[in-house]
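Breakdown of the fold
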Amino acid sequence: AHLARIDAVDEKVHAFLHIDREGALAQARAVDAKREAGEKLGPLAGVPLALKDIFTTQDMPTTVGSKILEGWIPPYDATLTRKLRAADVVILGKTNMDEFAMGSSTENSAYGPTGNPWDLTRIPGGSGGGSAAALASFEAPLAIGTDTGGSIRQPAAVTGTVGVKPTYGGVSRYGMVAFSSSLDQGGPCARTVLDAALLHEAIGGHDPMDSTSIDAPVPPVVEAARNGSVEGMRVGVVKQFSGEGYQAGVVQRFNESVELLKSLGATVVELDCPSFDLALSAYYLIAPSECSSNLARFDAMRYGLRVGDDGTRSAEDVTALTREAGFGDEVKRRIILGTYALSSGYYDAYYGSAQKVRTLITREFEKAFEQVDVIVSPTTPTTAFPIGERADDPMAMYLADLCTIPVNLAGNSAMSLPCGLAPEDGLPVGLQIIAPAMKDDRLYKVGAAVE
Ligand code: GLN
């Protein structure tokens, strides 16, 4: 049924970069056979899923939305891919994304944009716009995203779906193509809080193949999602997540959510976190710095594309020609920014200062969580904007992650879930819930109460 739905709508939505028809059907039949034989089934047996094209898959291409990896079939499965298979999930295919997960609209994909199923002329968010659009268009009931600065939560917000950025280290990064290793985090996307929890549990947990993976059990997310409540909880509202640039309808729906929390028995506490105003600036030094280092591996020798290798050119020239042809504008912009920020003489002024700001933000979160159990905010300042509107204005594009980026810098967990439609344009608004590291279960407890 999901393959038929994909056939019917994906030409317009363009959520998928690769559809694995044969593989999906074979996997579904294998689940049936197991069931008939009375064998033990995985926790998500037979449930179809759309996988962001940033996770390696042994049987499918992995492009990361880039021409530089066009045609590359990885020799191994990511840990997350392996866990999905172990849970007996049916992987339908790989979803579209901003190149190397850099963007907030999926317009930076080398394979063309994805449409927002609510209005195909608008962006589905990014970088995981393909996964969010697959859910919103009912092409898949579950999807996987990655969130470096908001790429799970912002697409969830603008498509009216649920997305969770687990605690940093909560889901393995092994086999997840690196953008900014200290921020990147894979996580679940779904249409309901409970579905997201079931997926979270299946993909989470310690992985010795990822040195930053946390060696602790997955927080009790499913139990929390089945027992939604905010009774007696303290909920923080941060002053810095409001003001100029926030759409009126987004603010209205957010305020209504706060009233709902109060009516359900929560106490609301106002918080002041002044360093949050510097989060975007710090992020756009740290993320490009790490990206410039991580993307050095795409040298035309190891993977994918190779341009100009005609026997007359040096290896350096082939590398340069390949990177020029294979990377898009936003990726090049970030490599240049990051290389500059890390260069000797500038390192302390840029990268070093950004790391200090990161510490301040982490401390402000720690102080805040002495006073409250969770923090809430709008997920993103506006609803889905038209495709093309911010494409030539990187600064305007970067603002989409104003409320999500501080969470990545601190390594906390956060969820976005729908909280109504903005009256002025009828488009979905996202409510963000933020919890301390390894308290991901609180997101689900609160999310299930207000869903
Ligand atoms: N939009 C942000 C960026 O472009 C975040 C992307 C992400 O979370 N992968 O870097």
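This structure is a prediction, so every number in the text was calculated from the model and none was measured.

**Looking at the UniProt feature "active site" (unreviewed entry) in the protein**
Mapped onto this numbering, the UniProt entry gives "active site" (unreviewed entry) at Lys 52, Ser 127 and Ser 151. A maximum C-alpha distance of 10.9 Å among these annotated residues, which run over 100 residues, shows that they cluster at one spot. Secondary-structure assignment places Lys 52 in strand E2 (residues 48-52). Along the chain, Ser 127 turns up in the loop between strand E3 (90-95) and helix H4 (129-136). Beyond its immediate chain neighbours, meaning those up to four positions away, Ser 127 contacts Met 97, Asp 98, Ala 101, Met 102, Gly 103, Thr 106 and Ser 151.

**With respect to helix H15 (residues 440-450)**
Among the 11 residues that make up H15, 10 are buried, leaving the element largely enclosed by the rest of the structure. Within the sequence span of H15, burial applies to Asp 440, Asp 441, Arg 442, Leu 443, Tyr 444, Lys 445, Val 446, Gly 447, Ala 448 and Ala 449. Against the buried residues of H15 lie strand E5 (162-165), helix H6 (193-203), helix H7 (221-226), strand E9 (374-378), strand E10 (413-421) and strand E11 (428-435).

**Some words on the sheet that holds E3**
In space, the 11 strands of this open sheet follow the order E1-E3-E2-E4-E6-E5-E10-E11-E9-E7-E8, with mixed pairing throughout. Of all strands in the sheet, those with a lone pairing partner are strand E1 (16-19) and strand E8 (267-271), marking the two edges. Within this sheet the neighbouring strands show an average axis-to-axis angle of 30 degrees, counted without direction. The sheet contact formed by E1 and E3 spans three bridges and is antiparallel. Bridge pairing in E3 places Phe 16 opposite Thr 95.

**Some points on the nonpolar core**
If you look at the biggest cluster of nonpolar residues, it comprises 122 residues, and the most contacted ones within it are Leu 49 and Ile 433. Discounting chain neighbours no more than four positions away, the residues touching Leu 49 are Leu 84, Val 89, Val 90, Ile 91, Leu 92, Ala 140, Leu 142, Ala 143 and Ile 144.

**Observations regarding the pairing of E11**
Among the eight residues in E11, eight count as buried, and that is most of the element. Covered by surrounding structure in E11 are Pro 428, Gly 430, Gln 432 and Ile 434 together with Val 429, Leu 431, Ile 433 and Ala 435, the residues of both alternating faces. Pairing analysis gives four bridges linking E9 to E11, with the strands arranged antiparallel. Counted as the bridge partner of Pro 378 is Leu 431 from E11. If you look at the hairpin formed by E10 and E11, you'll find six residues sitting between the two strands, and Gly 426 has a positive phi there, around 70 degrees.

**Some points on H4**
When you tally the buried positions in H4, you get eight out of eight residues, the bulk of the element. Along H4, the positions that sit buried rather than exposed are Gly 129, Gly 130, Ser 131, Ala 132, Ala 133, Ala 134, Leu 135 and Ala 136. Among the residues trailing H4, Phe 138 stands out with phi positive, at a value near 60 degrees.

**Some thoughts on the pairing of strand E7 (residues 234-238)**
Sheet topology places E7 next to E8; five bridges connect them, and they run parallel. Its bridge partner being in E8, Arg 234 is matched across the sheet by Thr 267. Once the chain exits E7 it traverses helix H8 (residues 248-263) before rejoining the sheet at E8, and the crossover so formed is right-handed. The pairing of E7 with E9 spans three bridges and is classified as parallel. Looking at the pairing, Val 237 lines up with Val 376 of E9.

Parameters and conventions
- Residues numbered from 1 in each chain as written.
- Predicted model: local features only at pLDDT ≥ 70, side-chain atom pairs only at ≥ 80, totals over all residues.
- UniProt positions renumbered as here; feature names shortened; annotations may be inferred.
- Helix = DSSP H or I, 4+ residues; strand = E, 2+ residues; numbered from the N terminus.
- Contact = placed C-beta atoms within 7 Å.
- Buried ≥ 20, exposed ≤ 12 C-beta atoms within 10 Å, placed from the backbone.
- Pairing = 2+ DSSP bridges.
- Axes fitted to C-alpha atoms, helices over the stretch in contact; angles between N-to-C directions.
- Core = buried A, V, L, I, M, F, W, Y, C linked by C-beta atoms within 7 Å.
- Right-handed = clockwise from strand over helix to strand, strands pointing away.

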